[in-house]
Amino acid sequence: AQSVTQLDSHVSVSEGTPVLLRCNYSSSYSPSLFWYVQHPNKGLQLLLKYTSAATLVKGINGFEAEFKKSETSFHLTKPSAHMSDAAEYFCVVSGLVGGGNKLTFGTGTQLKVEL
Amino acid sequence: EAQVTQNPRYLITVTGKKLTVTCSQNMNHEYMSWYRQDPGLGLRQIYYSMNVEVTDKGDVPEGYKVSRKEKRNFPLILESPSPNQTSLYFCASSTPGERGYTFGSGTRLTVV
């Protein structure tokens with residue numbers, strides 16, 4: 001079985017300050033992990049993915065995430081928030097379930113960026 | 001351009017009127033899947049397909065049907081829609097060597 005817990009449903013930061021979105025996962029095997037972003041009334045865009053190579057993963061728009069197996073965490077960070085980062089972010093674990101490639105989503109973190 | 005195409009983007013229908021949401025991908029992917037997104041719940045898998053004529057239930061399959069007669073198409077069928085199926089639906093596709101999925105733009109369904 002696999003699961004994902006996003007620890008904060010809402011995060012609010014000021015423009016120019018760091019962003020931290022927290023994610024813990026559970027998986028029976030070596031998982032692949034992803035962060036997706038969804039802007040209002042838009043589809044899902046892949047930010048970055050971890051697939052058992054380097055544990056520090058760099059994504060688009062200055063985001064990065066670090067895979068920590070001992071802590072079963074995959075937190076998303078960005079050094080300096082921009083107004084355009086305001087969106088909903090989903091942490092996702094991927095694994096082979098029932099012979100198929102299944103994604104399990106967290107419940108999402110809404111990021112608000114204030115002036 | 002590699003993409004997953006869903007139609008329609010928006011749909012309002014009445015309770016009990018059968019509808020189909022189409023999904024097509026042009027990447028020759030084996031895996032295809034349907035998800036629904038509801039506030040506070042993230043995305044939940046409805047059905048998935050590992051290849052032509054091979055489909056299986058996801059986490060929330062009740063009230064839905066799917067078919068996979070061709071590799072590129074994976075329609076979602078609601079035989080008798082109910083208001084609790086009002087949601088945002090996403091189709092996605094993948095290939096065994098790629099653990100991530102490519103998502104369609106979504107279909108916002110309202111059942112009144």
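Attention in this report is confined to the structure presented alongside it. (Residues numbered from 1 in each chain as written. Chains lettered and ligands numbered in written order. Predicted model: local features only at pLDDT ≥ 70, side-chain atom pairs only at ≥ 80, totals over all residues. Heavy atoms only, no water.)

**A closer look at the overall build of chain A**
Logical step 1: In terms of helices and strands, chain A carries 0 helices and 12 strands.
Logical step 2: Along the chain direction, N to C, the helices and strands of chain A fall in the order β-β-β-β-β-β-β-β-β-β-β-β.
Logical step 3: Against the 2.2 N^0.38 benchmark of 13 Å for 115 residues, chain A shows a C-alpha radius of gyration of 14 Å, consistent with a compact globule.
Logical step 4: Taken across its 115 residues, chain A has 45% of its residues classed as buried. (Helix = DSSP H or I, 4+ residues; strand = E, 2+ residues; numbered from the N terminus. Rg over C-alpha atoms; globule rule 2.2 N^0.38 Å. Buried < 20%, exposed > 50% of the residue type's maximum accessible area, 1.4 Å probe, protein only.)

**Let's talk about the sheet that holds strand S1 (residues 4-7) of chain B**
Residue and element names in this part refer to chain B.
Logical step 1: Read from one edge to the other, the open sheet built from 4 strands follows the order S1-S3-S8-S7, with strand pairing classed as antiparallel. At either margin of the open sheet sits one strand with a lone partner, and together these are S1 and strand S7 (65-66).
Logical step 2: Where S1 lies against strand S3 (residues 19-25), 4 bridges are found, and the strand directions are antiparallel. Looking at the pairing, Gln6 lines up with Cys23 of S3. (Pairing = 2+ DSSP bridges.)

**Quick notes on the interface of chain B and chain A**
Logical step 1: Listed per partner, the contact involves 21 residues of chain B and 25 residues of chain A.
Logical step 2: The junction of chain B with chain A conceals about 1800 Å² of combined surface from both sides, 49% of it contributed by carbon and sulfur atoms.
Logical step 3: The tally of links from chain B across to chain A stands at 3 residue pairs in polar contact (both at pLDDT 80 or more).
Logical step 4: Where the side of chain B that touches chain A is concerned, the elements lending two or more residues are strand S4 (31-38), strand S5 (42-51), strand S9 (87-95) and strand S10 (98-103) of chain B.
Logical step 5: Looking at the side of chain B that touches chain A residue by residue, the class counts come to 10 nonpolar, 8 polar and 3 charged. (Contact = heavy atoms within 4.5 Å. Buried area = accessible area lost by both parts, 1.4 Å probe. Polar contact = N/O pair within 3.5 Å; in protein donor to acceptor, adjacent residues only side chain to side chain. Nonpolar A, V, L, I, M, F, W, Y, C, P; charged D, E, K, R; others polar.)

**Side note on the packing of aromatic side chains**
The geometry of an aromatic ring pair comes down to the distance between the two centres and the angle between the two planes.
Logical step 1: Applying the stated criterion across every chain, the model contains 13 aromatic pairs over all chains.
Logical step 2: Here the aromatic rings of B:Tyr35 and B:Phe103 are separated by 6.0 Å at their centres, their planes lie at 50 degrees, and the arrangement is tilted. Taken together, the positions of B:Tyr35 in strand S4 and B:Phe103 in strand S10 put the pair 68 residues apart, joining distant regions of the chain. Across the pair, B:Phe103 and B:Tyr35 agree in class, each one buried.
Logical step 3: Feature note: the residues A:Phe34, A:Tyr36, A:Phe90, A:Phe105, B:Tyr35, B:Phe90 and B:Phe103 constitute an aromatic cluster, connected by ring pairs. (Phe/Tyr/Trp six-rings, centres within 6.5 Å; stacked < 30°, edge-to-face > 60°.)

**A short note on the environment of A:Ser3**
Residue and element names in this part refer to chain A.
Logical step 1: Tracing the backbone through its elements, the reader meets Ser3 in strand S1 (residues 3-6).
Logical step 2: Under the relative-accessibility criterion, Ser3 is labelled partly exposed at 33%.
Logical step 3: In this structure the C-alpha to C-alpha distance between Ser3 and Arg22, which are 19 residues apart in sequence, comes to 14 Å.
Logical step 4: Those residues in contact with Ser3 that lie beyond four places of it in its chain are Asn24, Tyr25, Ser26, Val93 and Thr104.

**Considering the nonpolar core**
Logical step 1: With 26 residues, the main nonpolar core has A:Trp35, A:Leu48, A:Phe74, A:Leu76 and A:Tyr89 as its most contacted residues.
Logical step 2: Per element, the largest residue contribution to this core is 4 residues, and it comes from strand S10 (residues 87-97) of chain A.
Logical step 3: Of all hydrophobic cores here, the second largest spans 19 residues; its members include B:Cys23, B:Val60, B:Cys91 and B:Val111. (Core = buried A, V, L, I, M, F, W, Y, C linked by side-chain atoms within 4.5 Å.)

Coordinates in, geometry out; function isn't part of it.
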